[in-house]
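Next come the chains, spelled out residue by residue.
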Amino acid sequence: MAERKVVVITGASGGIGAALARRLGAQGHALVLAARRLDALQAVARDASPEAVAVAADVTRRADVERVRDEALRAFGRVDVWVNNAGRGITRPVLQLTDDDVDEMISVNVKSALYGMQAIVPHFVERGAGHLINVSSFLGRVPVASVRSVYSASKAALNSLTANLRMDLRQSAPGVHVSLVMPGLVATEFAANALGGAPPAVAPAAAAMGVQTADEVADAIAGLIEAPRAEIYTNPAMAAVPPRYYADVEAFESTMPTPPGPARPAAPPPGS
């Protein structure tokens, strides 16, 4: 095995986070796993490694994120890799979004990752080494599923924060890696757990790129840990799409299939 690392994974009670924990545990890495659902989290920890540490935490709370860091340092003395994986989707077109919808997506998908960055990167800088990994989405780069609306917007914000942090550290902390991971469609409970429930149908453009398993995404992230890079698309079929999109946005959008759902969504209720 390669060098044993201490890895923190948020959102580890299911989906990609749980698959990554099992993958890294099988490789012999030390794990600190965080999520709100303690029973499910403890089950993942038992499956992943006999020494894995499970920390019940709501990562939308800064104090909880800092407690995850402190528990990792208490258990293992250092952190080598921090994976901001917690996230939540939404099934709501733009004209139906409420204030609460937007606040929830920013809190779960942006602020939780920001708290993780601010909690752990100073530790990495002090050590002169470390690897921050933010799990985003292909939808943060190319809007091929408009029903995900502010989820896509929140992931675009995460993409930008990740890139700016990497630029901040480029000269001052060259031993600290900052990576962005962009999965596409993944066969997990993500859609069912989205605000507004699962969409009536998968957007055709997204479906055309295929569905990955959580284990396939976990394999891609494990490979990234071994060989850090700035960005990866976990599905190779996605890599050629963003250049086409940004080369001519209008032309790209004109070729997109009509998205599922109502063509003229109702406006949000008054006062929302």
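What you see is a predicted model; the values in this text were computed from it and never measured.

### Describing the overall build of the chain
Moving on, step 1. Scanning the chain from N- to C-terminus turns up 9 helices and 9 strands.
Moving on, step 2. Expressed along its principal axes, the backbone C-alpha trace of the chain runs to roughly 55 × 40 × 30 Å.
Moving on, step 3. Counting only residues that meet the buried cut, the chain has 47% of its 272 residues in that class.
Moving on, step 4. Across the chain, every contact between residues at least 6 apart in sequence was considered, and the portion connecting residues at least 24 apart equals 71%.
Moving on, step 5. When the accessible area of the chain is evaluated, it comes to approximately 12,500 Å², of which 53% is carbon and sulfur surface.
Moving on, step 6. Placing the 25 positive and 26 negative side-chain charges of the chain at their respective mean positions leaves the two points 1 Å apart.

### Digging into the pattern of salt bridges
Moving on, step 1. Counting across every chain of the model gives 12 salt bridges.
Moving on, step 2. A salt bridge links Arg 88 to Glu 104; the shortest N-O distance between them is 3.2 Å. Placement of the pair is Arg 88 in the loop between β4 (81-84) and α4 (99-127) and Glu 104 in helix α4, with a sequence separation of 16 residues.
Moving on, step 3. For Arg 92, the salt bridge is made with Asp 101, and the minimal N-O distance between the two is 3.0 Å.
Moving on, step 4. In this structure Arg 92 comes out as partly exposed when scored by relative accessible area, which is 21%.
Moving on, step 5. Looking at Asp 101, the relative accessible area reads 6%, which means it is buried.
Moving on, step 6. Linked through salt bridges whose partners overlap, the residues forming this network are Arg 78, Asp 80 and Arg 127.

### Quick word on the sheet that holds strand β2 (residues 30-35)
Moving on, step 1. Ordered by their spatial adjacency, 7 strands build an open sheet running β3-β2-β1-β4-β5-β6-β9, and the pairing between neighbours is parallel. The sheet is open, and its two edges are formed by β3 (53-56) and β9 (231-233), each paired on a single side. Recorded for the sheet is a direction-independent mean angle of 15° between the axes of neighbouring strands.
Moving on, step 2. Bridge analysis of strand β1 (residues 6-10) against β2 gives 5 bridges, and the strand direction is parallel.

### With respect to the packing of aromatic side chains
Moving on, step 1. Per the stated rule, a full pass over the model turns up 4 aromatic pairs.
Moving on, step 2. Seen from their ring centres, Phe 138 and Tyr 233 are 5.9 Å apart, and the 70° between their planes marks the pair as edge-to-face. Taken together, the positions of Phe 138 in the loop between β5 (130-135) and α5 (149-172) and Tyr 233 in strand β9 put the pair 95 residues apart, joining distant regions of the chain.
Moving on, step 3. Overall, Phe 138 belongs to the buried group, its relative accessible area being 2%.
Moving on, step 4. Counting every residue linked through ring pairs, the aromatic cluster contains Tyr 245, Tyr 246 and Phe 252.

### Some remarks on the nonpolar core
Moving on, step 1. Counting residues in each nonpolar core, the largest one holds 31 residues, and the members touching the most others are Ile 9, Leu 24, Leu 31, Leu 33, Val 83, Ile 133 and Ile 221.
Moving on, step 2. Contributing elements (two or more residues each) for this core: β1, α1 (15-26), β2, α2 (38-48), β4, β5 and α7 (214-226).
Moving on, step 3. Counting residues per element, this core draws most heavily on α7, at 7 residues.
Moving on, step 4. Among residues more than four places away in sequence, those in contact with Ile 221 are Ile 16, Leu 20, Ile 133, Val 135 and Val 181.

### Overview of the environment of Val 102
Moving on, step 1. Within the secondary structure, Val 102 sits in helix α4.
Moving on, step 2. For the pair Val 102 and Phe 252, spaced 150 residues apart in sequence, the C-alpha to C-alpha distance is 27 Å.

### Some details on the environment of Leu 33
Moving on, step 1. Topologically, Leu 33 is positioned in strand β2.
Moving on, step 2. Here the alpha-carbon distance between Leu 33 and Ala 18, two residues 15 residues apart in the chain, equals 8.8 Å.
Moving on, step 3. Each residue touching Leu 33, except ones within four places of it in the same chain, is listed here: Ile 9, Ala 12, Ala 21, Leu 41, Val 44, Ala 45, Val 53, Ala 54 and Val 55.

### Thoughts on α5
Residues spaced three or four apart along an α-helix point in a common direction, a consequence of the helix completing one turn every 3.6 residues.
Moving on, step 1. Along its 24 residues, α5 runs 36 Å from first to last C-alpha, staying within 8% of the 34 Å computed at 1.5 Å per residue.
Moving on, step 2. Taken residue by residue, α5 has Ser 149, Val 150, Tyr 151, Ser 152, Ser 154, Lys 155, Leu 158, Asn 159, Thr 162, Leu 165 and Leu 169 as its buried positions.
Moving on, step 3. Residues of α5 that are buried in the fold lie against α4, β5 and β6 (176-182).

### So, unusual backbone geometry
Moving on, step 1. One non-glycine residue, Ser 149, lies in positive phi territory at about 25°.
Moving on, step 2. Within the fold, Ser 149 resides in helix α5.

Scoring rules and cut-offs
- Residues numbered from 1 in each chain as written.
- Predicted model: local features only at pLDDT ≥ 70, side-chain atom pairs only at ≥ 80, totals over all residues.
- Heavy atoms only, no water.
- Helix = DSSP H or I, 4+ residues; strand = E, 2+ residues; numbered from the N terminus.
- Buried < 20%, exposed > 50% of the residue type's maximum accessible area, 1.4 Å probe, protein only.
- Contact = heavy atoms within 4.5 Å.
- Areas by Shrake-Rupley, 256 points an atom, 1.4 Å probe, with all protein chains shown as cover.
- Lys, Arg positive; Asp, Glu negative; His and termini not counted.
- Charge placed at Lys NZ, Arg CZ, Asp CG, Glu CD.
- Salt bridge = Lys/Arg side-chain N within 4 Å of Asp/Glu carboxyl O.
- Pairing = 2+ DSSP bridges.
- Axes fitted to C-alpha atoms, helices over the stretch in contact; angles between N-to-C directions.
- Phe/Tyr/Trp six-rings, centres within 6.5 Å; stacked < 30°, edge-to-face > 60°.
- Core = buried A, V, L, I, M, F, W, Y, C linked by side-chain atoms within 4.5 Å.
- Expected span 1.5 Å × (residues − 1).

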